[in-house]
Amino acid sequence: MGHSKNRCSLLSIQFLQKEHAQIPDAKSASNGNHDADWNTDDELEVCNESFSHWGSTSSGQEANGGFGEASSPTNSTKLIHDFVGMGFSKTMVVKAIEENGEDDSEAILETLLTYAVVKNFPEEEGLSTKPCTFDSKSKSPDNLSEMDSCLGIEENSNHILEKDTMLSSLVDMGYLVEEALTAMNNCGSEAQLSELTDYICAAQMVKDFDAQLRESPDEEDSTSVMTSYSYTMPRNDYLAREKKRKLHKFQQFGRKWHKGSEKKHWDEDGDIMHLPNPMIGFGIPDDPWPIVERKLPEVAIGPPYFYYENVALTPKGAWSKISRFLYDIEPEFVDSTHFSAAARKRGYVHNLPIQNRFPLLPIPPRTIQEALPLTNKWWPLWDKRTKLNCLQTVIGSAKLTERIRNALENNEKYGDEPPPHVQKFVFEQCRKWNLVWVGKNKVAPLEPDEMEMLLGFPRDHTRGGGISRTDRYKALGNSFQVDTVAYHLSVLKNQFPNGINILSLFSGIGGAEVALHRLGIPLKNVVSVEIAEVNRNIIRSWWEQTNQRGQLIEIADVQQVSIERLDQWISSFGGFDLVIGGSPCNNLAGSNRVSRNGLDGKQSSLFYHYVRILDLVKTMMGRDR
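Since the structure is predicted, the reported quantities are computational estimates derived from the model, not experimental observations.

Trainee: Summarise the overall build of the protein; cite the residues concerned and give the values.
Mentor: Along the protein, the regular secondary structure elements total 22 helices and 11 strands. Counting only contacts in the protein whose residues sit at least 6 apart along the sequence, the fraction spanning at least 24 positions is 72%.

In structure tokens form, the structure reads like this:
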């Protein structure tokens, strides 16, 4: 939608407001690397605690503001001291207090964040720092023009940052601002991201339903699909596969949608995606619900088994395209909070059996307190986290942890607990950057060995051999969660008691290999394709230290996996039992604000090489049967 020269974009302001605290620290942690892969945009949902309890009465404070019974010079001085200690200038703090009064610290904090955004814009933009008078009860998109003429800040809202984050996430996923705002107004302020996308997609479904029913299968997109990757199978075989795929698709479309906890998502391709809530896929250990039955498309059945992984929340249409290229298999979406103490929301497309799965033993710790018991001594009661968010490739900076320490120490003289606005500031930063308590008023990022434990790798898996601390964080942030993947792969243990042949694409630091090894499945032949030399060194070191008796073949680039090489490997050891991997998520992950252009992006388009290689392997192995 267009905007005049003298009006600001609501979305831009909300985005910058949300990013105010994180951008300097992210750049510091990643040394300005814009290609840093932040894995997800929805992991903050792991912590559902509301901030409202921080505004409740405690230690003689009033519920409405939480900072004292009446305005006083002492209270004003304390507020100025608090906010200056959090990094805001004294002039800005005084002005914010004058606008909002001394009793509403939440409004003061939001105003200060607004000032920080506005000062970066030229005066001719005509920005105003006054709160909007937008009627939040209205559900009509017509009110957007009124909203766009201001900063989009609603008076007396204690959850504006959460709303901004949610709106920005929805827009990043490809939904219109009008659709996102309508869904947020109708679903309420406590709605989860999956519920909002469900509402939007249901609304789209009403508009598109008749048109989709009138569609009939045709071959118009066959040529474009065939040219999406370099290898082209014989046209007759491909068209036959496409007809089976489309027939399966329309059969699915004609069935009744079962009622349950699954969320139905309809995208521009007319495909239905299921995002479970809770995100437990086809079942998790100790799940009281029975594992669902599924019927694979005929074209997906047969050797080899394959397993593909990527981030769950992607730009609109990405998972439908992934599913379409992988034989129309429905993705299995799982959050690793059901297997560990840290979130990792991922989608998996595979043709593995889903019955008789079993978890790795011993069962890993499932909470922060169990996984990191030394932090319990210092963990404040007002930090209600029991799970960590997604483990990223970058960490919170020393500057951020110093700001947090200063903010807490500056408030010690006023009571045992910091005031609500300081608690909220500290909590949000700790939640975002996975900071843990290591001393009185002291938080710190996770250590690499702690991340290894949380992800299911052996201790010191990424340590030594010339690997820097930064490289360790990057390698771990891009890896599989071993316990989750091992649960899915556990069905192979009885099928391959004498060992398994693996084609591991985008191997990373060997999450698949570690999972199979921990399951007790011998690794006979492993072709590992990984472009990062650091990661190849890690896999080779692990292979040697665990005394693997099989053969490890290392390839640097997935584009080097040719028909000739595949034919050579298949002839040498009789084919592959499993093709496994997860292509780069750089252009899919929600935290990529630079080039989140889906499977068309430079890195994430490597997905099509996974498809190319899998199709070649299936064709060659089918030929030899």
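Picking up where we left off.
Trainee: Break down the pairing of strand β5 (residues 345-350) for me, citing the residues and quoting the values.
Mentor: Along β5, six of the six residues are buried, which leaves the element largely enclosed by surrounding structure. As defined by bridge partners, strand β3 (residues 305-311) adjoins β5 across five bridges and the pair is classed as antiparallel. Looking across to β5, one finds that Y307 is bridged to H350. Examined bridge by bridge, strand β4 (residues 332-335) and β5 share four bridges and lie antiparallel to one another. What sits directly across from V334, in β5, is R346.

Trainee: Please set out the packing of aromatic side chains residue by residue, giving values where relevant.
Mentor: Tallying each qualifying case throughout the model produces 12 aromatic pairs. Feature note: the residues Y308, F325, F607, Y608 and Y610 constitute an aromatic cluster, connected by ring pairs. Over the ring of W433 we find K432; its NZ or CZ atom is 5.7 Å from the centre of that ring. Sitting above the plane of the Y327 ring, K618 keeps its charged end 5.4 Å from the centroid.

Trainee: How would you sum up the environment of S320? Please name residues and give values.
Mentor: Note that S320 resides in helix α12 (residues 318-325). The buried category is assigned to S320, whose relative accessible area is 2%.

Trainee: Which residues make up the pattern of salt bridges, and what values go with them?
Mentor: Scanning all chains against the criterion turns up 11 salt bridges. Measuring nitrogen to oxygen at the nearest pair gives 3.3 Å for the salt bridge that ties K345 to D335. With K345 in strand β5 and D335 in strand β4, the pair connects residues that are 10 residues apart, well separated along the chain. There is no split in this pair, since K345 and D335 are both buried. Measuring nitrogen to oxygen at the nearest pair gives 3.3 Å for the salt bridge that ties R405 to E409. One end of the pair, R405, and the other, E409, are both in helix α14 (residues 398-409), four residues apart, so they sit about a helical turn from each other. Judged by relative accessible area, which is 34%, E409 ranks as partly exposed.

Trainee: Lay out the packing of α14 against helix α15 (residues 420-433) with the relevant residues and their values.
Mentor: It is the contact of α14 with α15, at a shortest axis distance of 10 Å, that shows an interaxial angle of 155 degrees. One finds that α14 runs roughly antiparallel with respect to α15. Here α14 and α15 pass one another in a crossing that is left-handed. On the side of α14, the interface is formed by L400, R403, I404, A407 and L408, while α15 contributes V422, F425, V426, Q429, C430 and W433. Partitioned by chemical class, the residues of the contact of α14 with α15 number nine nonpolar, one polar and one charged.

Trainee: Residues and numbers for α15, please.
Mentor: Spanning 14 residues, α15 covers 20 Å between terminal C-alpha atoms, matching the ideal 20 Å at 1.5 Å per step. The element α15 is extensively covered by neighbouring structure, given that 14 of its 14 residues are classed as buried. Positive phi shows up at N434, right after α15, with a value of about 55 degrees.

Trainee: Break down the nonpolar core for me, with residues and values.
Mentor: Ranked by size, the top nonpolar core spans 79 residues in total, and within it F83, I404, V426, L489, L492 and L578 carry the most contacts. Apart from residues no more than four positions distant in its own chain, I404 is found in contact with F425, V426, Q429, C430, L435 and V443. Counting 45 residues, the second-largest nonpolar core is a separate cluster that includes F306, Y308, A312 and I555.

Calculation criteria
Residues numbered from 1 in each chain as written. Predicted model: local features only at pLDDT ≥ 70, side-chain atom pairs only at ≥ 80, totals over all residues. Heavy atoms only, no water. Helix = DSSP H or I, 4+ residues; strand = E, 2+ residues; numbered from the N terminus. Contact = heavy atoms within 4.5 Å. Buried < 20%, exposed > 50% of the residue type's maximum accessible area, 1.4 Å probe, protein only. Pairing = 2+ DSSP bridges. Phe/Tyr/Trp six-rings, centres within 6.5 Å; stacked < 30°, edge-to-face > 60°. Lys NZ or Arg CZ within 6 Å of the ring centre and 35° of its normal. Salt bridge = Lys/Arg side-chain N within 4 Å of Asp/Glu carboxyl O. Axes fitted to C-alpha atoms, helices over the stretch in contact; angles between N-to-C directions. Parallel < 35°, antiparallel > 145°, perpendicular 65-115°, else oblique. Left-handed = near helix turned anticlockwise from the far one by under 90°. Nonpolar A, V, L, I, M, F, W, Y, C, P; charged D, E, K, R; others polar. Expected span 1.5 Å × (residues − 1). Core = buried A, V, L, I, M, F, W, Y, C linked by side-chain atoms within 4.5 Å.

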